[in-house]
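Now for the letters of each chain:
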Amino acid sequence: MFLCKTKPTDNWLDAQCDGTAALHTLPSCMTLCDLKNDNYYQLVTVDVPMFDFDAKPKLKVYKGTNLISEQHLPGIPSAVESLYINDQEPRIPIIAVAVESSVLFYRNMKPYYKYTVPSMTIEPLEIDVWKKLPIERGDALDALIDSLRSIEPSQMTLQTQELLSLSESERGGYIRSNADRKLERLSIITTMTTIKKASNEAKSASCLILATESGELLVLDSQAFVVLAQAKVGPFRGTPTMISASGQYDIDYRVVIATREGALYLLRKGWLAGQHIVKLEDPAAGLSLLPIDQTIVVVCMNQSLLCYSKKGKKLWAVKLPQPAVCMTPVCLPHLGINLVCVCLKGGLVQFYSQKKLVDQFYAPESVSALTFGRLGQEEHVLILVTIDGSLIVKILKRTAEFVTTENMYDVKTASDEPPGNLQIPKKTKIFVEQTLREKEHAATIHNSFQSELWRMRLTTARATVDVINSADSNVSTVDVGLAPLKLAAEVLGLGPTFKLFLMLENISTRKEATGLNVLMQADHRHYLVERPFVQLPMLVPGYPLRLDFRVTVSVDPSDGLPPVDLTPENSHIKVLVFKSGQTKPLIASTVVMPQPEPQVLNSF
């Protein structure tokens with residue numbers, strides 16, 4: 001166990017601890033969600049049997065540390081995610097479990113849908129051999145089976161791989177039982193994550209991102225269960241093991257992939273293959289793309305915590321006291337910081353703000369999996385699962401503060417030495433010449449500055465007077481004891497009939513506006529306004545008033561065309577907002593009207 005001297009921290013409450021849970025799971029197989037849409041979040045995880053090889057994995061739901069439901073899974077999953085498939089009420093989340101080549105979807109913890117990744121191409125030699133295997137005997141059969149060995153194992157179907165692994169006495173029965181079976185080559189899903197589809201709200205619809213053993217990345221529409229986008233992990237063949245994403249699919253998103261070969265790739269929307277950004281010295285034990293500064297934090301098995309930019313530039317590195325087991329981001333928007341929680345061998349749990357260690361505590365045993373998020377009605381909860389199967393729940397205190405310190409271990413380093421005098425750079429020749437010029441011509445420079453300043457003030461004053469005299473603005477500028485008003489206009493339609501919508505809003509905090517009128521001024525040769533004058537009711541703050549006007553272009557009845565003198569330069573309508581008894585309008589805004597579409601006359 002790590003025995004370095006540490007400072008005591010008091011940021012976490014020990015909420016619950018179940019040492020008899022006997023829960024064994026993977027870091028990617030834990031998720032928190034509001035299963036019943038009652039604003040009470042629960043933990044959904046997978047229990048992987050450690051010693052009983054005949055037992056099947058179970059999908060378990062915990063309310064706190066109490067197990068409330070479980071069901072068997074067909075195999076050991078690689079990832080578990082919770083997401084919403086649409087924005088309709090009630091917002092019931094879907095649990096996605098990646099098992100081998102399929103994703104099992106559960107709704108209300110009942111089977112909802114099963115999606116299988118698209119099949120890959122099969123070698124023609126393999127197809128031809130399986131057609132001949134049922135009819136061949138003796139040496140010819142052995143020659144056919146030996147010909148299959150010329151195919152690369154990663155390009156074989158599972159059926160062929162099983163055949164080659166059998167002894168000669170078992171091959172005949174296996175060929176007869178699988179002779180009519182259709183050859184299918186499916187890739188295994190190695191990792192999975194989610195991104196929001198259009199909105200960044202907590203319960204908005206999401207898309208599922210799948211990474212397969214063959215190096216393919218699939219963006220899956222969770223409502224129609226179709227592939228929205230497909231790309232290669234990178235320009236070189238690599239097997240993805242970890243994935244992290246941020247953004248929205250409809251706008252822009254980024255995906256960072258760590259491969260089994262020790263490479264990091266970055267994939268953006270519209271790319272057909274990921275871009276190689278860095279080669280890691282050791283395999284990654286944790287990966288996270290931080291949402292605010294878009295930096296990539298990765299913890300490696302050589303006791304190092306690294307941070308890279310999106311272009312692969314190393315920003316900082318931290319040497320860890322023990323080998324890392326797993327990692328998760330800890331986003332604290334109320335404090336305005338993003339932390340990274342790293343679990344080390346021996347039970348030490350550390351929190352880093354960039355490269356600074358800000359907090360740490362010890363777990364009873366080494367942590368094998370963890371997650372951070374909302375549990376129950378608490379917003380900031382850290383859930384730990386240790387290697388002995390204990391389930392630990394810790395709640396972040398509302399008074400918690402993470403003070404950035406250079407040294408959590410009280411060990412003096414070279415950086416702790418008292419700083420000396422400031423290192424002021426030497427004065428350059430250009431700086432010295434500029435200083436001498438300003439000393440010699442100080443009066444001229446000052447007069448030139450004052451002249452330009454007064455010219456700017458004069459230009460500003462003239463523009464202000466012009467605005468006041470014309471009142472041509474969408475915000476009221478005339479002071480008549482009224483609350484300030486704001487006007488917005490919108491034109492709909494193709495013509496010759498348009499709908500002109502006006503939105504008038506009182507933008508004061510307490511004062512109301514009464515006795516207002518709206519007048520529409522338009523050239524009668526070009527436009528006909530149905531009701532050009534409207535008396536408005538009292539406008540109170542915070543409640544915009546929406547008005548609609550019917551505007552018709554005066555077209556020639558013989559050919560359906562607008563007047564020849566109606567051009568884009570004079571296609572406008574003046575909107576005046578004034579108070580009864582006042583001569584000067586509060587708002588005078590010009591609405592530019594679109595050109596009407598040509599009308600097709602009925603000649604029959």
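Here's what I pulled together on the structure shown here. (Residues numbered from 1 in each chain as written. Predicted model: local features only at pLDDT ≥ 70, side-chain atom pairs only at ≥ 80, totals over all residues. Heavy atoms only, no water.)

### Structural notes on the packing of helix H3 (residues 158-165) against helix H4 (residues 168-178)
Interhelical geometry of H3 versus H4 gives an angle of 160° and a closest axis separation of 9 Å. Taken as axis vectors, H3 and H4 run roughly antiparallel relative to one another. The way H3 lies across H4 gives a crossing that is right-handed. Residues Gln-159, Glu-162 and Leu-163 of H3 form the contact with H4, whose participating residues are Arg-171, Tyr-174, Ile-175 and Asn-178. Grouping the amino acids of the contact of H3 with H4 by side-chain chemistry returns 3 nonpolar, 2 polar and 2 charged. (Axes fitted to C-alpha atoms, helices over the stretch in contact; angles between N-to-C directions. Helix = DSSP H or I, 4+ residues; strand = E, 2+ residues; numbered from the N terminus. Parallel < 35°, antiparallel > 145°, perpendicular 65-115°, else oblique. Left-handed = near helix turned anticlockwise from the far one by under 90°. Contact = heavy atoms within 4.5 Å. Nonpolar A, V, L, I, M, F, W, Y, C, P; charged D, E, K, R; others polar.)

### Thoughts on H4
Among the residues of H4, Arg-171, Tyr-174, Ile-175 and Asn-178 are the ones counted as buried. What you see down the axis of H4 is that its buried residues fit within an arc of 100°, all on one side. For H4, exposure combined with an orientation more than 90 degrees from the buried face picks out Ser-169, Arg-176 and Ser-177. (Buried < 20%, exposed > 50% of the residue type's maximum accessible area, 1.4 Å probe, protein only. Arc of directions from axis to C-beta.)

### Description of the pairing of strand E31 (residues 516-521)
Two faces belong to every sheet, and in a regular strand the side chains alternate between them. Bridge analysis of E31 against strand E35 (residues 572-579) gives 6 bridges, and the strand direction is antiparallel. Counted as the bridge partner of Gln-521 is Lys-574 from E35. Relative to strand E33 (residues 533-535), E31 runs antiparallel, the two being bridged by 3 bridges. Across the sheet, residue Asn-517 finds its bridge partner in E33, namely Gln-535. (Pairing = 2+ DSSP bridges.)

### Some details on the sheet that holds E35
Taken in spatial order, the 4 strands make up an open sheet running E33-E31-E35-E36, and their pairing is antiparallel. The open sheet has two edge strands with one neighbour each: E33 and strand E36 (587-592). Looking at each pair of strands side by side, their axes are set apart by 15° on average, direction ignored. Both E35 and E36 contribute to a ladder of 6 bridges, which runs antiparallel. By the bridge assignment, Val-577 is partnered in E36 with Ile-587.

### Brief notes about the packing of helix H1 (residues 124-132) against helix H2 (residues 138-148)
The axes of two packed helices give the description: the angle between them and the distance between them. Here H1 crosses H2 at 160°, and the two axes come no closer than 10 Å. In terms of their interaxial angle, H1 and H2 are classed as roughly antiparallel. Two packed elements cross with a definite hand, and for H1 against H2 that hand is left-handed. Residue-level inspection shows Leu-125, Glu-126, Val-129 and Lys-132 of H1 in contact with H2, the latter providing Leu-144, Ser-147 and Leu-148. In terms of residue class, the contact of H1 with H2 is built from 4 nonpolar, 1 polar and 2 charged.

### Details of the nonpolar core
Across soluble globular proteins, you tend to see nonpolar side chains buried next to one another. Leu-485, Leu-502, Val-518, Met-520, Leu-536 and Phe-549 are the most contacted members of the largest nonpolar core, which totals 28 residues. Going through the elements one at a time, strand E29 (485-492), strand E30 (497-506), E31, strand E32 (527-529), strand E34 (545-553), E35 and E36 are the ones with two or more residues in this core. For Phe-549, the residues in contact, after removing those within four places along its chain, are Phe-498, Lys-499, Leu-500, Leu-502, Val-518, Met-520, Arg-531 and Val-534. Ranked by size, the runner-up nonpolar core spans 21 residues in total, among them Phe-361, Ala-363, Ala-400 and Phe-402. (Core = buried A, V, L, I, M, F, W, Y, C linked by side-chain atoms within 4.5 Å.)

### Digging into the layout of surface pockets
The space that makes up the second largest pocket amounts to roughly 710 Å³. Taken together, 28 residues make up the lining of the second largest pocket; nearest its centre are Ser-101, Leu-158, Leu-186, Ser-187 and Ile-188. Breaking the lining of the second largest pocket down by element, the ones donating at least two residues are strand E8 (102-107), strand E9 (110-116) and H3. Of the residues forming the lining of the second largest pocket, the biggest block, 3 residues, is contributed by H3. In the lining of the second largest pocket, the residues fall into 9 nonpolar, 11 polar and 8 charged. (1 Å grid on protein atoms, 1.4 Å probe; cavity = no way out; pocket = protein on both sides within 12 Å on 5 of 7 lines; lining within 4 Å. Points joined across faces, edges and corners; volume = space filled by probe spheres on them.)

### A short note on the environment of Pro-283
Counting through the fold element by element, Pro-283 comes out in the loop between strand E17 (275-279) and strand E18 (284-289). Contact partners of Pro-283, with chain neighbours within four places excluded, come to Cys-300 and Met-301.

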